[in-house]
Amino acid sequence: MTQKLKILVILGSVREGRMAEPIGNWVMGAADADRDDLDCELIDLKQWDLPFYHHPKPPAAGDYADAKQIAWGEKVASADGFILIAPEYNHGIPAVLKNALDTVYAEWNRKPVAFVAYGGMGGARSVEQLTMVSRELQMAPLEGALHLQGVWNRREGGRFAADTREGARLNHLFDELAWWGNALRNARAAG
């Protein structure tokens, strides 16, 4: 049996009452219940409190000096892939999520990233911008993002109340992430 892929599910919002948390809990619950090939860990950026980058060298230089930046780099490096819970704020990416991506560089490289988005137009504009950013970080953004509509009244006990169609689309996202995650992990190991 192939070793499980380590996937970080990153909550892209720190707002009070955010929907990112119930959606992230739904993603985690589905992964735990249905997937024996993925080892998912929920990452709450609210708990990381990453400073906006203020160091003289860019992250691409790899010369990290800040303790939070070093710890974040280690967490990102531990993963084989990522699911970004991606709300759309003002037609774009939430600042806290963009900052988390910008804080380190090499640790993101050559790993797949999938998007579960919500907000205006199902978070389409957030995903569009995240796709460009992730490519610059040498990630492999998956084409089949999951765009959730009308999420705000669909909380049930701290979890997003998805319908069967959304559940099937999430499972397809997991399938794609597993395929790309294994392919890229093998390629990274081969050098």
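All values reported here derive from a predicted model rather than from experimental measurement.

Basis of the calculations
Residues numbered from 1 in each chain as written. Predicted model: local features only at pLDDT ≥ 70, side-chain atom pairs only at ≥ 80, totals over all residues. Heavy atoms only, no water. Helix = DSSP H or I, 4+ residues; strand = E, 2+ residues; numbered from the N terminus. Salt bridge = Lys/Arg side-chain N within 4 Å of Asp/Glu carboxyl O. Buried < 20%, exposed > 50% of the residue type's maximum accessible area, 1.4 Å probe, protein only. Polar contact = N/O pair within 3.5 Å; in protein donor to acceptor, adjacent residues only side chain to side chain. Pairing = 2+ DSSP bridges. Axes fitted to C-alpha atoms, helices over the stretch in contact; angles between N-to-C directions. Parallel < 35°, antiparallel > 145°, perpendicular 65-115°, else oblique. Left-handed = near helix turned anticlockwise from the far one by under 90°. Contact = heavy atoms within 4.5 Å. Nonpolar A, V, L, I, M, F, W, Y, C, P; charged D, E, K, R; others polar. Phe/Tyr/Trp six-rings, centres within 6.5 Å; stacked < 30°, edge-to-face > 60°.

Undergrad: Account for unusual backbone geometry, with residues named and values stated.
TA: Residue asparagine 90 is not a glycine yet carries a positive backbone phi of 50°. In this structure, asparagine 90 sits in the loop between β3 (81–87) and α4 (95–103). Phi is positive for arginine 110, close to 60°, though the residue is something other than glycine. Counting through the fold element by element, arginine 110 comes out in the loop between α4 and β4 (112–118).

Undergrad: Help me get a handle on the pattern of salt bridges, residues and values and all.
TA: Inspection of every chain in the model, using the stated rule, returns 14 salt bridges. Ionic pairing is found between glutamate 41 and lysine 6, a salt bridge with its closest N-O pair at 2.7 Å. Here lysine 6 lies in strand β1 (residues 5–11) and glutamate 41 lies in strand β2 (residues 38–44), a separation of 35 residues in the sequence. Overall, glutamate 41 belongs to the partly exposed group, its relative accessible area being 22%.

Undergrad: Any details on the side chain of serine 13? Residues and values, ideally.
TA: The residue serine 13 is located in the loop between β1 and α1 (20–34) in this model. Under the relative-accessibility criterion, serine 13 is labelled buried at 0%. At 3.2 Å, the side chain of serine 13 and the backbone nitrogen of arginine 15 are in polar contact.

Undergrad: Which residues make up the pairing of β3, and what values do they have?
TA: Among the seven residues in β3, seven count as buried, and that is most of the element. Burial along β3 is two-sided: the face carrying Gly81, Ile83, Ile85 and Pro87 and the face carrying Phe82, Leu84 and Ala86 are both buried. As paired elements, β1 and β3 share five bridges and run parallel to each other. The residue bridging leucine 8 from the neighbouring strand is phenylalanine 82, located in β3.

Undergrad: Residues and numbers for the packing of α1 against helix α6 (residues 164–190), please.
TA: The angle between the axes and the distance between the axes are what describe a pair of packed helices. Where α1 contacts α6, the two axes come as close as 11 Å, and the packing angle between them is 70°. Relative to α6, α1 is oriented roughly perpendicular. For the pair α1 and α6, the crossing hand works out as right-handed. Residues Trp26, Val27, Ala30 and Ala31 of α1 form the contact with α6, whose own contacting residues are Glu166, Gly167, Leu170 and Phe174. Its residues assigned to classes, the contact of α1 with α6 comprises six nonpolar, one polar and one charged.

Undergrad: Lay out the packing of aromatic side chains with the relevant residues and their values.
TA: Evaluated as defined, the whole model comprises six aromatic pairs. A centroid spacing of 4.9 Å and a plane angle of 70° characterise the contact between tryptophan 48 and tryptophan 72, whose relative ring orientation is edge-to-face. With tryptophan 48 in helix α2 (residues 45–48) and tryptophan 72 in helix α3 (residues 67–77), this pair connects stretches of sequence that are 24 residues apart. Measuring from centroid to centroid gives 6.3 Å for tryptophan 72 and tryptophan 108, while their planes differ by 65°, and the two rings are edge-to-face. Of this pair, tryptophan 72 sits in helix α3 while tryptophan 108 sits in the loop between α4 and β4, and the two are 36 residues apart along the sequence.

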